[in-house]
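# A structural walkthrough
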Amino acid sequence: MIKTLTETSDVLFSIMITSSNDEPKQVPLEYPELLIGKSKEADVMVNDTQVGDLQIKIIREGERFQVCDLNSGFPTRLNNQILESPFPLVAGDIITMGKTQIHFMERSASEEIPKEKPKEADAGKTQFMTVFKVEEEKAKGRLVGVSGQVKGRVFPINKDKISIGRDPSNDICIDQDGLSRAHAILEIGEKTITVLDFNSTNGTFINGKKIVSEVIKPGTVVQFANAALRYELFDSSDDKGKKSFFRHFVQWTVTLMLVTFITGGGIYLFNYYSTEKQKRILEQKQKELENLAEKVKEESPEKKLEIAEKACSLEQYDEAMKIVDGVLSDSPSHAGALLLKGKIMKAKKYAEVNELYQK
């Protein structure tokens, strides 16, 4: 098919083709139709086995464009949605075929894509210009405006690609002098973010250096004319406060657990040694009582009452009472035995009341 150039317009259009199997390519949309596929018959041939021979066609009518899937047997996606019928294209749209992505861009006439003079053997082929490298991984963060119209504004990085420019269709629209309609794009990776300049009139600068493609790190300032954005991870400002609060909360929790453990351990040891001490005291008393019981059998009533009184002092009231009752069984009117029996009964009652009070 012989194609003719469309009428000159003050707005030019182009597509940016990126593939993991080939160098990035930028193609001006100057013809009524553009066939894209892996066949040599395509106007734009891509090196991708997951693309059909002739997979899509981009149709131009003045400044209106639409993309059509040619039913090649390979799926075509427009902005991550399966393309089933012809659909209009607007600046920022992304067409995906296999491992190949096509970015639809719009720019002012002053930003016309530079073209190299074609070689004689390639006169019928579309000429390309390498602009940037694709990063396939994904990352997160945010852009914070530090100067110009965006100063003080925060733009979360929540998409695989973020377009920047003067046109309202961009993800980040900066409507001020010096910016192109489609000025730049951010390629989001899992560990990296790459800034890509779309051949803008006034260029894109990173830390004062003009770039075409550059991987940025946290703290990097990206300049578009008088507007500047700083790339930050979420580990800053409020998030730092939240993390600091969480860190202190964990520290206090661990400290409290340690204090509780140490205190509990101390109480356990105290109770253990107190119990052991009481056991030793009781064993000692028991031995003394056994010795007294041996003496009681051979002693006189007065000596038996002395032994009973000592047993009472050891809080062995039942043993003391047995000795006293033994004396009274032999001498029912023994005054000392009767007096000591009353004393033992009183002491035992007092001990029982004191034990109930402690419980």
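Along each chain, residues carry numbers from 1 onward, in the same order as the chain's sequence is written. Local features in this predicted model are restricted to residues of pLDDT 70 or higher, and side-chain atom pairs are both shown and tallied only at a pLDDT of 80 or more, whereas totals for entire chains, interfaces and linings draw on every residue. Water and hydrogen atoms were dropped before computing side-chain values, which therefore reflect all heavy atoms in the structure.

In this section: the overall build of the chain. When you go through the chain residue by residue, the secondary structure sums to four helices and 22 strands. Remark: exposure states derive from per-residue accessible area (1.4 Å probe, protein chains only) relative to the maximum for the residue type, with buried under 20%, exposed over 50%, and partly exposed in between. Residues classed as buried in the chain amount to 36% of the 359 residues present. Sequence-distant contacts in the chain: of pairs separated by 6 or more residues, those separated by 24 or more amount to 48%. Summed over all atoms, the accessible surface of the chain reaches about 22,400 Å², with 53% contributed by carbon and sulfur. Under the DSSP-based scheme used, a helix requires at least four consecutive residues in state H or I and a strand at least two consecutive residues in state E, with every element numbered from the N terminus. Contacts: residue pairs with any heavy atoms within 4.5 Å of one another. A 1.4 Å probe and the Shrake-Rupley method give the accessible areas. Residues count as covered only by the protein chains that appear here.

Let us look at the sheet that holds strand 14 (residues 161–165). Read across the open sheet, the five strands follow the order 15-14-16-17-20; overall the sheet is mixed. Across the chains shown, the open sheet's two edge strands, defined by having one partner strand only, are strand 15 (172–173) and strand 20 (213–216). By the bridge criterion, two bridges tie strand 14 to strand 15 in an arrangement that is parallel. Residue pairing for strand 15: G165 is matched across the bridge by C173. Pairs of strands are assigned from DSSP output, requiring at least two bridges between the strands.

So, about the environment of V212. If you trace the backbone, V212 turns up in the loop between strand 19 (209–211) and strand 20. In this structure the C-alpha to C-alpha distance between V212 and A184, which are 28 residues apart in sequence, comes to 9.2 Å.

What follows concerns the sheet that holds strand 4 (residues 44–45). The sheet built from five strands is open, its strands ordered 4-3-5-6-9 with mixed pairing. Because the sheet does not close on itself, it has two edges, and the strands there are strand 4 and strand 9 (87–88). Sheet analysis places strand 3 (residues 33–37) next to strand 5 (residues 56–61), joined by four bridges and oriented antiparallel. By the bridge assignment, I36 is partnered in strand 5 with I56.

With that settled, consider the packing of aromatic side chains. Working definition: a ring pair exists when centres of Phe, Tyr or Trp rings (six-membered ring for Trp) sit within 6.5 Å. Plane angles under 30 degrees give stacked, over 60 give edge-to-face, the rest tilted. Under the defined criterion, the tally for this structure stands at three aromatic pairs. Centre to centre, the rings of F13 and F65 are 4.8 Å apart; their planes meet at 55 degrees, and the pair counts as tilted. Of the two residues, F13 is situated in strand 1 (residues 11–19) and F65 in strand 6 (residues 64–69); the sequence distance between them amounts to 52 residues. For F13, a relative accessible area of 6% translates into the label buried. The rings of F13, F65 and F104 are connected pair by pair, giving a single aromatic cluster.

With that settled, the discussion passes to the nonpolar core. Working definition of a nonpolar core: buried Ala, Val, Leu, Ile, Met, Phe, Trp, Tyr and Cys residues. They are joined through side-chain atoms within 4.5 Å. Among the nonpolar cores identified, the biggest contains 22 residues, and L143, I174, L186 and F224 are the most heavily contacted of them. Once residues lying within four places of it in the same chain are set aside, the contact partners of L143 are R153, V154, F155, I157, I172, L186, L229, R230 and Y231. The next biggest cluster of nonpolar side chains, apart from the first, holds 21 residues, and it includes I17, L34, L83 and M97.

Further remarks concern the confidence of the model for the chain. Looking at the chain, pLDDT values average 77 and 78% of them are 70 or higher. A score between 0 and 100, pLDDT records how confident the predictor is in each residue. Scored below 50 in pLDDT, residues 1–11 makes 25 contacts in the model with residues more than four places away or belonging to other chains. The low-confidence segment residues 108–139 (pLDDT under 50) makes 83 contacts with residues lying over four places distant or belonging to another chain.

All right, on to helix 3 (residues 317–330) then. Helix span is expected to be 1.5 Å times the residue number reduced by one. For helix 3, which comprises 14 residues, the first-to-last C-alpha distance of 20 Å matches the rise-based estimate of 20 Å (1.5 Å per residue) to within 8%. Those residues of helix 3 not exposed but buried are Y317, A320, M321, I323, V324, V327 and L328. Taken end-on, helix 3 shows its buried residues confined to a sector of 160 degrees, consistent with a single buried face. Counted as exposed and oriented over 90 degrees from the buried face of helix 3: K322, S329 and D330. Think of it as the arc spanned by the lines of direction from the helix axis to the C-beta atoms.

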